[in-house]
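Each chain is listed here by its residues.
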Amino acid sequence: MDILEVIKSRRSIRAFDERIPSKEIIEECIEAATWAPNPTNQQPWEFIVARGESLNKISETIIKTFPQRMKEIDPYRGIPAACEKRKNETFEKLFSAAKEAGIDTKELFKKNLTFYGAPVAVLFITYRMEHNLYRHCTAAALQNFLLAAHAKGLGTCWLSSVAACQEEIKELLKLSEEKEILDGVALGYPVKGSPLNDCPRTRLKAEEVITWLGF
């Protein structure tokens, strides 16, 4: 696909079938991730790919930890009014899609904590630093991964619940203190025709978010 087509047609997938992507195709997607721009080619990232019992243990850790973490840090508190409006509109569409799929909101929330039932999860790891450079470039690597996966017919969903529970996940995976989990991604093959995967989405027009200087 043309790169712009890949970018615009990529979407978050929340219903996966049972097929497991091969190690070869996952590795190809991760290789694409490693070509993300990064400061002075330091490449400060690594990737953990989990499935089966390893994935179940990560999900169990998130289920135990996430509710309390949300009480401590509410990511929606104080967001700008325009962003709040778009968030609420998105939740309305998502809840409507879940209802159409026969899933109540409580079950949908739990699915969010278990990688939406995807057969594979990928964790994006960097080094804990005072500056944000490593987070920025690892996020760019994550975006490359999402696009490569989509181009190969896979579905993904970027899950912030992983970063929220990272200290507990680091302990589970025996990651050193110097490491930081940027976030996690659910990976698998999309269920075709699922309302959760066809949830309507929009973007602001470019002209609404551009300030031209010197043109």
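Just above sits the structure.
Residues numbered from 1 in each chain as written. Predicted model: local features only at pLDDT ≥ 70, side-chain atom pairs only at ≥ 80, totals over all residues. Heavy atoms only, no water.

A closer look at the pairing of strand β4 (residues 179-188)
The side chains of a regular strand alternate, residue by residue, between the two faces of the sheet.
Phase 1 of the analysis: For β4, a buried count of 10 out of 10 residues is recorded, marking the element as mostly surrounded by other parts of the structure.
Phase 2 of the analysis: Relative to β4, strand β2 (residues 120-127) runs antiparallel, the two being bridged by eight bridges. Across the sheet, the residue bridging to A121 is A186, located in β4.
Phase 3 of the analysis: As defined by bridge partners, strand β3 (residues 155-159) adjoins β4 across five bridges and the pair is classed as antiparallel. Bridge pairing in β4 places T156 opposite L187. (Buried < 20%, exposed > 50% of the residue type's maximum accessible area, 1.4 Å probe, protein only. Helix = DSSP H or I, 4+ residues; strand = E, 2+ residues; numbered from the N terminus. Pairing = 2+ DSSP bridges.)

A look at the nonpolar core
Phase 1 of the analysis: Ranked by internal contacts, the top residues of the largest apolar core, which has 30 residues, are I62, F115, L123, V162 and I169.
Phase 2 of the analysis: Looking at this core, the elements that each hand over two or more residues are β1 (45-51), α3 (52-72), α4 (81-100), α5 (105-113), β2, β3 and β4.
Phase 3 of the analysis: The biggest single contributor to this core is α3, with four residues.
Phase 4 of the analysis: Setting aside chain neighbours within four positions, we find F115 in contact with F16, L55, I58, S59, I62, A121, L123, L159, V162, V185 and A186.
Phase 5 of the analysis: Judged by nonpolar contacts, the second largest core, of 23 residues, contains I26, A36, L142 and Y189. (Core = buried A, V, L, I, M, F, W, Y, C linked by side-chain atoms within 4.5 Å. Contact = heavy atoms within 4.5 Å.)

Description of the state of the cysteines
Phase 1 of the analysis: Counted according to the given criterion, the structure contains zero disulfides.
Phase 2 of the analysis: Counting only cysteine sulfurs, C157 is the nearest neighbor of C29, a cysteine outside any disulfide, at a range of 16 Å.
Phase 3 of the analysis: The thiol sulfur of C157 is not disulfide-bonded, and the nearest other cysteine sulfur, from C199, lies at 11 Å.
Phase 4 of the analysis: When its relative accessible area of 2% is taken as the criterion, C157 is described as buried. (Disulfide = S-S within 2.5 Å.)

Some words on a nonpolar patch on the surface
Phase 1 of the analysis: On the surface, L204, V209, I210, W212 and F215 cluster together into a nonpolar patch covering about 600 Å² of accessible area.
Phase 2 of the analysis: One can find L204 in the loop between β4 and α9 (206-209).
Phase 3 of the analysis: Taking relative accessible area as the criterion, L204 reaches 39% and is therefore assigned partly exposed. (Patch = residues over 30% accessible without salt bridge, like charges linked within 9 Å, V, L, I, M, F, W, Y side chains within 5 Å. Areas by Shrake-Rupley, 256 points an atom, 1.4 Å probe, with all protein chains shown as cover. Salt bridge = Lys/Arg side-chain N within 4 Å of Asp/Glu carboxyl O.)

As for the pairing of β2
Phase 1 of the analysis: Across the eight residues of β2, seven count as buried, placing the element largely inside the fold.
Phase 2 of the analysis: Sheet analysis places β1 next to β2, joined by seven bridges and oriented antiparallel. Note that in β2 the partner of E46 across the bridge is I125.

Overview of the packing of helix α2 (residues 23-33) against helix α6 (residues 133-151)
Each pair of packed helices can be summarised by the angle the axes make with each other and by the distance between the axes.
Phase 1 of the analysis: Across the interface, α2 lies against α6 with an axial gap of 7 Å and an inter-helix angle of 140°. One element, α2, and the other, α6, form an angle in the oblique class. Like other packed secondary-structure pairs, α2 and α6 cross with a definite hand, here right-handed. Along its contact with α2, which presents I26, C29, I30, A32 and A33, the element α6 presents A141, N144, F145, A148 and A149.
Phase 2 of the analysis: Residues that form the contact of α2 with α6 fall into these classes: nine nonpolar, one polar and no charged. (Axes fitted to C-alpha atoms, helices over the stretch in contact; angles between N-to-C directions. Parallel < 35°, antiparallel > 145°, perpendicular 65-115°, else oblique. Left-handed = near helix turned anticlockwise from the far one by under 90°. Nonpolar A, V, L, I, M, F, W, Y, C, P; charged D, E, K, R; others polar.)

Some thoughts on the packing of aromatic side chains
Phase 1 of the analysis: The full count for this structure, using the stated rule, is seven aromatic pairs.
Phase 2 of the analysis: Aromatic side chains F91 and F95 sit 5.6 Å apart centroid to centroid with 5° between the ring planes, which places their arrangement in the stacked category. Of the two residues, F91 and F95 are both situated in helix α4; the distance of four residues between them amounts to about one turn of the helix.
Phase 3 of the analysis: Residue classification places F91 among the partly exposed residues on the basis of a relative accessible area of 28%.
Phase 4 of the analysis: On the basis of an interplanar angle of 70° and a centroid distance of 4.9 Å, the ring pair of W212 and F215 is categorised as edge-to-face. Per residue, the accessibility class of W212 equals that of F215, and both read exposed.
Phase 5 of the analysis: Members of the aromatic cluster, each reached through a chain of ring pairs, are F47, F124 and F145.
Phase 6 of the analysis: Over the aromatic face of Y189 sits the side chain of R19, whose NZ or CZ is 4.2 Å from the ring centroid. (Phe/Tyr/Trp six-rings, centres within 6.5 Å; stacked < 30°, edge-to-face > 60°. Lys NZ or Arg CZ within 6 Å of the ring centre and 35° of its normal.)

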